[in-house]
Amino acid sequence: MVRIVPEIIKESVTNLVKNGERTDGRAFDEYREISLEAGVIEKAEGSARVKIGNTQIIIGAKPQIGTPFGDTPNVGVLMTNTELLPMAAPNFESGPPDENSVELSRVTDRCIREGEVVDLEKLCIVPGEKVWMIFLDLHVVDYDGNLMDAAVLGSVAALKNTKLPEAKIIDGEVVLDYDNLVPLPINDTALMSTFAKIGEELIIDPSLEEEEVMGARLSVGITQDGNICAMQKGGEKTLTQEEVLKAVSIAKIKTAELRTLLP
Amino acid sequence: MIIIITNTNLSTGTETSGRADNRAFDELRKMKIEAGVLERADGSAYLEIGGNKVLAAVYGPRELFVRRLMQPNKAVLRCKYNMAPFSVDDRKRPGPDRRSVEISKIASQALTPAVFLEKFPRSTIDVFIEVIEAEGGTRCAGITAASVALADAGIPMRDMVVACAAGKSDGKVILDLSEVEDKEGQADVPIAIMPRTGEITLLQMDGNLTEEEFGQALDLAINGCKIISEKQKAAIKNRYGDE
């Protein structure tokens, strides 16, 4: 469903930004209040609830034993799936994932995969035959802008919280020992910062109102060492090279701040 | 072949209380209800009972885009029940399955009688029930939460529908079956009522009960509903003050 933004709101938000202000009084490089809890779902092997402002996502990680892909027989599998629940916003509808949901899943997956958050090689049980598959399900329950940063932050928290039963091979069979739970092997804590371009300015962590009037969007994933591991541009307008570089340097500082929130 | 080792003792019934979690036969699991937990939704509620965690959200009354569902003289109430993939032990595949489609239908039918739909012709009231964690009795938890969300949305209602299950496990008729009691039990009777009049808006049953046992189960469930109803009211008062 297309949402129509009244011109008057567009103009007032844009004018505010032009004068160095935002509708909620934040600085351009200031996040809304963030809360992050891990282990909120007992039945999930790993879980987290993240809130950035009013945006809220509940994330669960569930492992299953499966066969590895033919081209990577010694590597475990990580699958990220997002549900933009109709509960989360009046214009979200149930049914198969739409392009926004698929984009969110894929960008989150990219940041985590390319940031090597999970040591997937340690998830191999029998090479070529049995590996752990980690299903990361993101349930978006309240949508008030900037899903990307919330999705990655919550996902990393959920993965850090994940414990797997020890898998042994006894007489050629995989035996899962639920009395010995081992934490998921975590290498890194790659996180993401998203910027919206309104007028000629870049603002971090756009609220819904700001997303609705933004020209372009840029999400930047940064690893623990400060390297970039994922990026995604969105929106119909363009970004300049300077803007991209500026966004990256701010993202390095801001993701480091976000990292301190991880349990 | 995958072999699973676990120490969890799945059997119900200890010598002392007759129930695995030491509840009396007519005792509900610990619960809490909170109204107005989501920002965007017109009304919302969060409910925990035992190990169940359920969110409910209401949108509307709003325009109904599906013309074939439109009623010229009243609103339609549409309910969607969905389980999160991580809500159960073995990951549930996302999206609707036959079970959730059925529960969606009976949940909307359970809520419909309480709502003054005739005040909103040609529109829809959408109720979303999201099971975040499941531990037996999610449909009842969902319906109970949905009523609170409807009230939170300011939808005019005759009463707040409340749901609760009774059943039979380990040979005894008991209130509010846990997951283990449901799995190992002999019967499950989920009901929903409008507590002011006692009218039943939902009744299902599966398993095996004698007529007498069914009568006991129904009594237990109705009493359970009345207790939960007070918690619903408290949740609304908690949010809006004691008017």
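Since we're looking at a predicted model, the values are computed, not measured.

Criteria and thresholds
Residues numbered from 1 in each chain as written. Chains lettered and ligands numbered in written order. Predicted model: local features only at pLDDT ≥ 70, side-chain atom pairs only at ≥ 80, totals over all residues. Heavy atoms only, no water. Helix = DSSP H or I, 4+ residues; strand = E, 2+ residues; numbered from the N terminus. Rg over C-alpha atoms; globule rule 2.2 N^0.38 Å. Buried < 20%, exposed > 50% of the residue type's maximum accessible area, 1.4 Å probe, protein only. Contact = heavy atoms within 4.5 Å. Areas by Shrake-Rupley, 256 points an atom, 1.4 Å probe, with all protein chains shown as cover. Lys, Arg positive; Asp, Glu negative; His and termini not counted. Charge placed at Lys NZ, Arg CZ, Asp CG, Glu CD. Buried area = accessible area lost by both parts, 1.4 Å probe. Salt bridge = Lys/Arg side-chain N within 4 Å of Asp/Glu carboxyl O. Polar contact = N/O pair within 3.5 Å; in protein donor to acceptor, adjacent residues only side chain to side chain. Nonpolar A, V, L, I, M, F, W, Y, C, P; charged D, E, K, R; others polar. Pairing = 2+ DSSP bridges. Axes fitted to C-alpha atoms, helices over the stretch in contact; angles between N-to-C directions. pLDDT = per-residue confidence, 0-100. Parallel < 35°, antiparallel > 145°, perpendicular 65-115°, else oblique. Left-handed = near helix turned anticlockwise from the far one by under 90°.

**Here we look at the overall build of chain A**
Of the regular secondary structure elements, chain A holds five helices and twelve strands. For chain A, the C-alpha radius of gyration of 20 Å lies close to 18 Å, the compact-globule estimate for 263 residues. When the backbone C-alpha atoms are referred to their principal axes, chain A occupies close to 70 × 40 × 30 Å. Counting every position in chain A, which comprises 263 residues, the buried fraction comes to 56%. Looking at chain A alone, contacts between residues at least 24 apart form 68% of all its contacts between residues at least 6 apart. When the accessible surface of chain A is split by element, carbon and sulfur atoms take 48% of a total near 11,600 Å². Taken as two groups, the 26 positive and 44 negative side-chain charges of chain A have centres that lie 2 Å from each other.

**Some words on the interface of chain B and chain A**
Each partner contributes to the interface: chain B provides 39 residues, whereas chain A provides 38 residues. Here chain B and chain A share an interface that buries about 3,300 Å² over both sides, 59% of which is from carbon and sulfur atoms. At the boundary of chain B with chain A, the tally comes to two salt bridges. When the shortest N-O distance is used, the salt bridge between K43(A) and E179(B) registers 2.5 Å. At the junction of chain B with chain A, the criterion picks out 15 residue pairs in polar contact (both at pLDDT 80 or more). Secondary structure elements with two or more residues in the side of chain B that touches chain A: β1 (2–5), β4 (52–63), β5 (76–83) and β6 (123–133) of chain B. In terms of residues, the side of chain B that touches chain A owes the most to one element, β4(B), which gives six residues. Looking at the side of chain B that touches chain A residue by residue, the classes come out as 22 nonpolar, five polar and twelve charged.

**With respect to the sheet that holds strand β9 (residues 191–198) of chain A**
Residues and elements named next belong to chain A. Here four strands make up an open sheet; going across it, the order is β10-β9-β11-β12 and the pairing antiparallel. Among the strands making up the open sheet, the edge pair consists of β10 (201–204) and β12 (228–235). Geometrically, the sheet is characterised by an average inter-axis angle of 20° between neighbouring strands, direction not taken into account.

**Examining the confidence of the model for chain A**
Considering every residue of chain A, the mean pLDDT works out to 93; 98% of them sit at 70 or more. By mean pLDDT, β12(A) is the weakest element of chain A at 90, and helix α3 (residues 147–160) of chain A is the strongest at 98.

**A short note on the packing of helix α2 (residues 99–114) of chain A against α3(A)**
When two helices pack together, you describe them by how their axes are tilted relative to each other and by the distance separating the axes. All names here are of chain A. Relative to each other, α2 and α3 sit at 50°, their axes nearing to 10 Å. By the angle between their axes, α2 is oblique relative to α3. Note that α2 runs across α3; the crossing there is right-handed. Between α2, through E103, L104, V107, T108, C111 and I112, and α3, the contact on the second element is made entirely by L147, M148, A151, V152, S155, V156 and L159. A breakdown of the residues in the contact of α2 with α3 according to their chemical character gives ten nonpolar, two polar and one charged.

**Examining the packing of helix α2 (residues 138–152) of chain B against helix α4 (residues 211–240) of chain B**
Residue and element names in this part refer to chain B. The geometry of α2 relative to α4 is characterised by a closest axis approach of 10 Å and an angle of 30° between their N-to-C directions. Overall, the two elements α2 and α4 adopt an arrangement that is roughly parallel. In this structure, α2 meets α4 at a crossing whose hand is right-handed. Residues T144, S147, V148, A151 and D152 of α2 lie in contact with α4, whose contacting residues are I228, Q232, A235, I236, R239 and Y240. A class-by-class count of the residues in the contact of α2 with α4 yields six nonpolar, three polar and two charged.

**Topic: the pattern of salt bridges**
According to the stated counting rule, one finds 30 salt bridges over all chains in the structure shown. Across the pair D176(B) and R23(B) runs a salt bridge, and its minimum N-O distance is 3.5 Å. Here D176(B) is found in the loop between β8 (172–175) and α3 (179–184), whereas its partner R23(B) is found in the loop between β1 and β2 (31–35), with 153 residues between them in sequence. Across the pair, R23(B) and D176(B) agree in class, each one buried. Across the pair D152(B) and R239(B) runs a salt bridge whose closest N-O atoms are separated by 3.2 Å. Linking D152(B) in helix α2 with R239(B) in helix α4, this pair joins segments that are 87 residues apart in sequence. Residue class for D152(B) comes out buried when judged on its relative accessible area of 8%. The structure contains a network of salt bridges with shared partners spanning R22(A), D24(A), R26(A), R32(A), D144(A), D205(A) and E210(A).

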